[in-house]
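Letter by letter, the chains look like this.
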Amino acid sequence: MEVLRQARILADYITERWQLPTRVFHDLRPISDNIGAVLVDAVFQAGLNYRSIVLPRVRAIEEHFPDLRTLNQLERLLDAREFISVLRWKHPEKPNRLRHLVRTLRKHGLDSVEDIQTWITRSSSCAALLEVKGVGP
């Protein structure tokens, strides 16, 4: 968490120092519109080596499920043998967090990366996300 705080301080400093418009950062397209890859990336990275543990799984999901664009599709896949095989994860904690996050996002009427990107900028979304175990301030 300390690294994220320092990154935010640096980003704010650069934005202010170079007088960059902050809205530019909110208008960027998502890196991926593969909802499975995006959410696995978000949920699985806490406390793990990103490059050797998380990133290979994110890429595997993008490769094996290239058309995975909606939470509805992801929710149906979460317990499928093929998805579990691609994810290659033995301990249930992080997959359970992923399930909980998917349910929370669906409960708020979201279905795509673009929906999440818009929703997450609202102050009310913070409280909803903090209810998901493993999500912190």
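Residues numbered from 1 in each chain as written. Predicted model: local features only at pLDDT ≥ 70, side-chain atom pairs only at ≥ 80, totals over all residues. Heavy atoms only, no water.

### Some remarks on the environment of W119
Here's step 1: Turning to its location among the elements, W119 is positioned in helix α8 (residues 113–119).
Here's step 2: In this structure W119 comes out as buried when scored by relative accessible area, which is 4%.
Here's step 3: For the pair W119 and H108, spaced 11 residues apart in sequence, the C-alpha separation works out to 8.9 Å. (Helix = DSSP H or I, 4+ residues; strand = E, 2+ residues; numbered from the N terminus. Buried < 20%, exposed > 50% of the residue type's maximum accessible area, 1.4 Å probe, protein only.)

### Topic: helix α3 (residues 35–44)
Here's step 1: Of all 10 residues in α3, 8 are buried, a share of seventy percent or more.
Here's step 2: Of the residues making up α3, those classed as buried are I35, G36, A37, L39, V40, D41, V43 and F44.
Here's step 3: Against α4 (50–64), α5 (71–77), α6 (81–87), α7 (93–107) and α8 lie the buried residues of α3.
Here's step 4: At the N-terminal end of α3, a side-chain oxygen is found 3.1 Å from the backbone nitrogen of G36, two or three residues along, and the residue is N34. (Contact = heavy atoms within 4.5 Å. Polar contact = N/O pair within 3.5 Å; in protein donor to acceptor, adjacent residues only side chain to side chain.)

### Description of the nonpolar core
Here's step 1: Within the largest apolar cluster, 30 residues are counted, with the highest numbers of intra-cluster contacts made by L39, I61, L74, F83, L98 and L105.
Here's step 2: For this core, the secondary-structure elements that each account for two or more residues are α3, α4, α5, α6, α7, α8 and α9 (123–130).
Here's step 3: Tallying contributions element by element places α3 first for this core, with 6 residues.
Here's step 4: Apart from residues no more than four positions distant in its own chain, L105 is found in contact with L39, L71, L110, I116, W119 and L129. (Core = buried A, V, L, I, M, F, W, Y, C linked by side-chain atoms within 4.5 Å.)

### A short note on α7
Here's step 1: When the terminal C-alpha atoms of α7 are compared, their 21 Å separation across 15 residues agrees well with the 21 Å that a helix rising 1.5 Å per residue should span.
Here's step 2: Packed against the buried residues of α7 are α3, α5, α6, α8 and α9.
Here's step 3: Of the residues one or two after α7, G109 is the one with positive phi, at around 80°. (Expected span 1.5 Å × (residues − 1).)

### Focus: the side chain of D41
Here's step 1: Its location among the elements puts D41 in helix α3.
Here's step 2: Lacking a salt bridge, the buried D41 has R59 as its closest oppositely charged neighbour, with an N-O distance of 8.9 Å.
Here's step 3: For D41, the residues in contact, after removing those within four places along its chain, are Y50, V54 and V58. (Lys, Arg positive; Asp, Glu negative; His and termini not counted. Salt bridge = Lys/Arg side-chain N within 4 Å of Asp/Glu carboxyl O.)

### Some words on the packing of α3 against α7
Here's step 1: Contact geometry of α3 with α7 gives a least axis separation of 10 Å together with a crossing angle of 125°. Compared by their axis directions, α3 and α7 come out oblique. Pair α3 / α7 crosses with right-handed handedness. Side by side, α3 and α7 meet where L39, V40, V43 and F44 of the first sit next to K94, P95, R97, L98, L101, V102 and L105 of the second.
Here's step 2: Taken together, the residues of the contact of α3 with α7 sort by class into 9 nonpolar, no polar and 2 charged. (Axes fitted to C-alpha atoms, helices over the stretch in contact; angles between N-to-C directions. Parallel < 35°, antiparallel > 145°, perpendicular 65-115°, else oblique. Left-handed = near helix turned anticlockwise from the far one by under 90°. Nonpolar A, V, L, I, M, F, W, Y, C, P; charged D, E, K, R; others polar.)

### Things to note about the packing of aromatic side chains
Here's step 1: One pass over the full model with this rule turns up 2 aromatic pairs.
Here's step 2: Seen in terms of ring centroids, F44 and W89 are 4.9 Å apart; in terms of plane orientation they differ by 85°. Their pairing is edge-to-face. Here the residue F44 occupies a position in helix α3, and W89 occupies one in the loop between α6 and α7, the gap between them amounting to 45 residues.
Here's step 3: With 5.7 Å between their ring centres and 45° between their planes, F65 and F83 make a pair best called tilted. With a gap of 18 residues between them, F65 in the loop between α4 and α5 and F83 in helix α6 connect regions that are remote in the sequence. F83 matches F65 in its accessibility class, with the two residues each being buried. (Phe/Tyr/Trp six-rings, centres within 6.5 Å; stacked < 30°, edge-to-face > 60°.)

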